[in-house]
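# Secondary and tertiary structure notes
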Amino acid sequence: MVELNILPRPPISANPTNLAYGRRGLVYDNQVKAETDALYERVRGVISSLEWPAFAPLIAAINRLKKERDAVILAHNYMTAEIFNCVGDFRGDSLGLAREAANVSAKVIVQAGVHFMAETSKILSPDKTVLIPSLEAGCSLAASITGEDVALIKQKHPGIPVVTYVNTTAEVKAQSDICCTSSNAIQVVETIARQWGVDQVILLPDEYLAKNVAAQTKIKILAWGGKCEVHERFTPDDIAEIRASHSGAVILAHPECPPDVVAASDFTGSTGAMSDYVEFHKPKKVVLITECSMSDNVAVANPDVEFIKPCNLCPHMKMITLEAIYDALLNLRHEVVLDPVVSARAKKAVDAMLALPPAPAGIFDPTRPVPANLEII
Ligand code: SF4
């Protein structure tokens, strides 16, 4: 298990004259109602009027605290609807949030996502205070590999570039030549192979993403055996069952799913690409084969589309709650602290990715088979 580079921090300046709300003052009164009514209009399709009075006081308090702290919240697509839509300042997939983290001017960044995302924000904004609201917001992919593992792989395979998925720790990124996301993995693999003049690339740590990328390129992929515990649970039988019980539904899968799930789906792309697909094609019925909250968040912007929810929840993402975000902002905890040397080396790999020209999100053609020469190292 990879250790979290996070230091709990004692409460600072919790002065009621500076802070708009104390914990005991969080009630759904007329002031909170007035402050949050417009936000409720945005999410009323996915949050019931019975639930809203429980969320609204925290939402109002968080939005006030953000101003007082000069803070922004980066909200990943897998956050629950009340976080994503009502307190998130920047919303999107890992690549989009990484780009925002690099440019943000606020003093404090609260990562409404998991730990590796907060580390990426710290890598890109080392002078800012980066907070992760829960110490338990880990990731099975990030925990599948260490920096020492990557150092050993490089010793065994000299001269082959190392591409690491952003779902990794700072130590792993520091050992890498370039990072990628599910949105740009095909582009990154082909670009780095061309730059290095090689015909093979090490792509870590997600085995299924590596296999799905290998099916789309002539570059040989050397892969690791990491898995996302949310996406690995989907099977071709699930897809067949969905097709049988929801005739006409368009099925969109994430490339962290096994290749046979990708082959059974209608379209495969990153969370950003799935979101764009729904926005552009407006299918009557759609199924997003990914983390459950994503459907609610895409549904808010597409009220005329019917979403069938397969509902695999990420337990790590679900550690981030309104309550945890409120505590993080009130007490400025838990601050992400990185070794400056590791951070600077990791930044080179992230910057190399961000320096690539923007390209359309990589689309995974489901008809292409995984090549037989893919190697798990
Ligand atoms: S959904 Fe998968 S890849 Fe994303 S944080 Fe959860 S375990 Fe990690």
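Residues numbered from 1 in each chain as written. Predicted model: local features only at pLDDT ≥ 70, side-chain atom pairs only at ≥ 80, totals over all residues.

### A look at the overall build of the protein
Secondary structure summary: the protein contains 15 helices and 15 strands in total. Buried positions account for 52% of the 377 residues belonging to the protein. Put simply, 70% of the contacts in the protein that link residues at least 6 apart link residues at least 24 apart. (Helix = DSSP H or I, 4+ residues; strand = E, 2+ residues; numbered from the N terminus. Buried ≥ 20, exposed ≤ 12 C-beta atoms within 10 Å, placed from the backbone. Contact = placed C-beta atoms within 7 Å.)

### Some words on the sheet that holds strand E13 (residues 306–308)
Taken together, the four strands give an open sheet; going across it, the order is E11-E10-E12-E13, and neighbouring strands pair in parallel fashion. A strand with exactly one partner marks an edge of an open sheet, and here the two such strands are strand E11 (267–268) and E13. (Pairing = 2+ DSSP bridges.)

### Some words on helix H12 (residues 271–281)
Of all the residues in H12, the buried ones are Thr271, Ala273, Met274, Ser275, Tyr277 and Val278. Along its buried surface, H12 packs onto strand E10 (250–253), E11, strand E12 (285–289) and helix H13 (293–301). Just beyond H12, the residue with positive phi is Lys282, at close to 45°.

### Focus on the pairing of strand E6 (residues 162–165)
Every second residue of E6 is oriented toward a common face, with Val162 and Thr164 on one face and Val163 and Tyr165 on the other, all of them buried. Across three bridges, E6 lies against strand E8 (residues 200–204) in parallel orientation. Following the sheet pairing, Thr164 is matched in E8 by Leu204. Note that E6 and strand E7 (residues 178–180) share three bridges and pair parallel. The residue bridging Thr164 from the neighbouring strand is Cys179, located in E7.

### Section: the environment of Gln187
Note that Gln187 resides in helix H8 (residues 185–196). Taking the C-beta count within 10 Å as the criterion, Gln187 has 19 such neighbours and is therefore assigned partly exposed. Through-space distance from the C-alpha of Gln187 to that of Glu100 is 20 Å; in sequence the pair is 87 residues apart.

### Considerations on the packing of helix H4 (residues 94–103) against helix H5 (residues 115–124)
Put simply, H4 and H5 touch, their axes get as near as 8 Å, and they point 35° apart. Crossing of H4 against H5: the hand is right-handed. In this structure, H4 contributes Ser94, Leu97, Ala98, Ala101 and Ala102 to the contact, and H5 contributes Met117, Thr120, Ser121 and Leu124. The residue inventory of the contact of H4 with H5, partitioned by class, reads six nonpolar, three polar and no charged. (Axes fitted to C-alpha atoms, helices over the stretch in contact; angles between N-to-C directions. Left-handed = near helix turned anticlockwise from the far one by under 90°. Nonpolar A, V, L, I, M, F, W, Y, C, P; charged D, E, K, R; others polar.)

### Remarks on the domain arrangement of the protein
Under the domain assignment, the protein is made up of domain 1 (2–139 + 316–338), domain 2 (142–228 + 340–376) and domain 3 (231–308). Each of domain 2 and domain 3 has a C-alpha centre, and the two are 25 Å apart. Class assignment of the residues belonging to the side of domain 2 that touches domain 3 gives a composition of nine nonpolar, five polar and three charged. (Domains from an automatic or database assignment.)

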